[in-house]
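Observations on the three-dimensional arrangement
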Amino acid sequence: ITKLDIPDRPNETTLRFLDDDTMMALVRREAGNRNAYLGTSKPPYTEWTFKELAYNIGGPNFIVLPTGKIWAAGRLYVPEVKTALGPLSQDAYTPTLILPSASDTSYPGLIWRDNLLWVSYYASHEGKASIYLAKVRLPEQ
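What you see is a predicted model, and the numbers here were worked out from it, not measured in a lab.

Remarks on the pairing of strand 7 (residues 82-88)
A large share of strand 7 lies buried, amounting to five of its seven residues. Here seven bridges tie strand 6 (residues 70-76) to strand 7, and the two strands are oriented antiparallel to one another. Residue pairing across strands places Trp 71 opposite Pro 87, the latter belonging to strand 7. Looking at chain direction, strand 7 and strand 8 (residues 97-98) are connected through two bridges and run antiparallel. Its bridge partner lying in strand 8, Leu 85 is registered against Leu 97.

Here you go:
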């Protein structure tokens with residue numbers, strides 16, 4: 001449809017649609033300061049607005065909840081490598097929950113079920129790579 005003008009080697013990307021048909025893109029970048037980019041576009045999705053977030057996010061994923069709130073997860077690198085979860089808006093990501101993890105960790109899967117956010121991810125902090133499942137009760141849900 002269009003070329004996305006994202007600098008510094010963009011790669012892993014998650015796309016979602018909001019209720020108003022806005023498309024959002026959460027993009028990992030591999031060069032420069034490596035901070036993730038968050039993009040939005042309205043139909044026909046040929047013009048995008050991107051904002052650099054304050055975090056480098058590996059394996060980015062996000063989910064739009066039935067309330068319309070958005071939560072994102074991925075690998076954070078600072079202050080140490082961990083899988084994190086937090087609210088995402090069209091302006092910012094705020095990691096608020098660090099999941100048990102370290103070093104080689106990431107690629108969270110997100111699903112809303114039984115009024116809980118289920119988060120699957122892999123991590124190697126217990127000596128070998130394993131898959132974990134966290135059931136998270138979010139505030140104000």
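On we go.
Some details on the pattern of salt bridges
All chains considered together, the criterion is met by seven salt bridges. Among the ionic pairs, Asp 114 bridges to Arg 113, the shortest N-O distance being 3.6 Å. The class for Asp 114 is exposed, based on a relative accessible area of 59%. Connected through salt bridges with shared partners, the residues Glu 12, Arg 28, Glu 30 and Arg 34 form a single ionic network.

Conventions we followed
- Residues numbered from 1 in each chain as written.
- Predicted model: local features only at pLDDT ≥ 70, side-chain atom pairs only at ≥ 80, totals over all residues.
- Heavy atoms only, no water.
- Buried < 20%, exposed > 50% of the residue type's maximum accessible area, 1.4 Å probe, protein only.
- Helix = DSSP H or I, 4+ residues; strand = E, 2+ residues; numbered from the N terminus.
- Pairing = 2+ DSSP bridges.
- Salt bridge = Lys/Arg side-chain N within 4 Å of Asp/Glu carboxyl O.

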